[in-house]
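# Breakdown of the fold
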Amino acid sequence: LGTTAISVGFNFLGRDFYNSIAEKNPEDFDRLLKSYIAAIAGAIPVFVFRDYYQQVLTLKWRGWMTERYVEKYLDDRNFYHIQTGSVIDNPDQRIVDDISAFTSQTLGLAFTLLNAGIDLVSFSGILFGI
């Protein structure tokens, strides 16, 4: 939600900034340029924290899933059956790699879809207001 609010704010700030350029108004241009720079400086930490917390969530989910799947791999000596049957080589490494890819891609897709939906609603309001 924070990133969408920042995007909407940049939309309005950009509109006023480019209107000041088109109207050749140097006072508004200077004021809005300073506002733009301040907004960029303030927005960077929000985007960094968003990515950081997404990675933290990915790591926690990955750790939880890895623990569960390794438990199932070790239960009832399943690893011996897999090893002696020569069905799969390095199954433990495959478990870790597959879970890592699954968690990062799933959360990436989920957050992308969530942000796209929120952006759609937010910017639709702006478009209908024109």
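What counts and how
Residues numbered from 1 in each chain as written. Predicted model: local features only at pLDDT ≥ 70, side-chain atom pairs only at ≥ 80, totals over all residues. Heavy atoms only, no water. Patch = residues over 30% accessible without salt bridge, like charges linked within 9 Å, V, L, I, M, F, W, Y side chains within 5 Å. Areas by Shrake-Rupley, 256 points an atom, 1.4 Å probe, with all protein chains shown as cover. Salt bridge = Lys/Arg side-chain N within 4 Å of Asp/Glu carboxyl O. Helix = DSSP H or I, 4+ residues; strand = E, 2+ residues; numbered from the N terminus. Buried < 20%, exposed > 50% of the residue type's maximum accessible area, 1.4 Å probe, protein only. Expected span 1.5 Å × (residues − 1). Contact = heavy atoms within 4.5 Å. Axes fitted to C-alpha atoms, helices over the stretch in contact; angles between N-to-C directions. Parallel < 35°, antiparallel > 145°, perpendicular 65-115°, else oblique. Left-handed = near helix turned anticlockwise from the far one by under 90°. Nonpolar A, V, L, I, M, F, W, Y, C, P; charged D, E, K, R; others polar. pLDDT = per-residue confidence, 0-100. 1 Å grid on protein atoms, 1.4 Å probe; cavity = no way out; pocket = protein on both sides within 12 Å on 5 of 7 lines; lining within 4 Å. Points joined across faces, edges and corners; volume = space filled by probe spheres on them.

## Topic: a nonpolar patch on the surface
On the surface, Ile40, Ile44 and Val48 cluster together into a nonpolar patch covering about 260 Å² of accessible area. With respect to the element layout, Ile40 can be found in helix α2 (residues 26–74).

## Considerations on the pattern of salt bridges
Opposite charge on two side chains makes pairing possible when the charged atoms of those side chains draw close. In total, this model carries four salt bridges according to the counting rule given. Between Arg50 and Asp51 there is a salt bridge; the shortest N-O distance is 3.2 Å. Overall, the relative accessible area of 35% leaves Arg50 in the partly exposed class. Residue classification places Asp51 among the partly exposed positions, given a relative accessible area of 37%. Of the charged contacts in the structure, one is a salt bridge between Glu67 and Arg68, with a shortest N-O distance of 3.2 Å. Judged by its relative accessible area of 45%, Glu67 falls in the partly exposed class.

## Details of α2
Over its 49 residues, α2 extends 71 Å from the first C-alpha to the last, a length consistent with the 72 Å expected when each residue adds 1.5 Å. Among all positions of α2, only Leu32, Tyr36, Ala43, Gln54, Thr58, Met65, Thr66 and Tyr73 are buried. Of the residues one or two after α2, Asp76 is the one with positive phi, at around 50°.

## Re the environment of Gly63
Secondary-structure assignment places Gly63 in helix α2. The class for Gly63 is partly exposed, based on a relative accessible area of 37%. Placed 37 residues apart in sequence, Gly63 and Ser100 show a C-alpha to C-alpha distance of 9.0 Å.

## Structural notes on the side chain of Thr58
One can find Thr58 in helix α2. Relative accessible area serves as the criterion here: at 7%, Thr58 is assigned to the buried category. Filtering out sequence-adjacent residues up to four positions away, Thr58 remains in contact with Thr103, Ser104 and Leu107.

## As for the packing of helix α1 (residues 2–22) against α2
For the pair α1 and α2, interaxial distance at closest approach is 10 Å and the crossing angle is 165°. With respect to each other, α1 and α2 are oriented roughly antiparallel. In this structure, α1 meets α2 at a crossing whose hand is left-handed. Between α1 and α2, the residues in contact are Gly2, Thr3, Ile6, Phe10, Leu13, Gly14, Asp16, Phe17, Ser20 and Ile21 and Asp28, Phe29, Leu32, Leu33, Ser35, Tyr36, Ala39, Ile40, Ala43, Val46, Phe47 and Arg50, respectively. For the contact of α1 with α2, the per-class residue count stands at 14 nonpolar, five polar and three charged.

## Some remarks on the confidence of the model for the chain
Summarising the model, the chain shows a mean pLDDT of 85, and 98% of its residues fall at 70 or more. The lowest-confidence element of the chain is helix α3 (residues 78–85), averaging 70 in pLDDT; the highest-confidence one is α2, averaging 89.

## A few points about the layout of surface pockets
Approximately 210 Å³ is the volume attributed to the largest pocket. Lining the largest pocket are 13 residues, and of these Leu1, Thr3, Arg50, Phe111 and Asn115 sit closest to its centre. Going through the elements one at a time, α1, α2 and α4 (91–129) are the ones with two or more residues in the lining of the largest pocket. Here the residues of the lining of the largest pocket are counted per class, giving six nonpolar, five polar and two charged.

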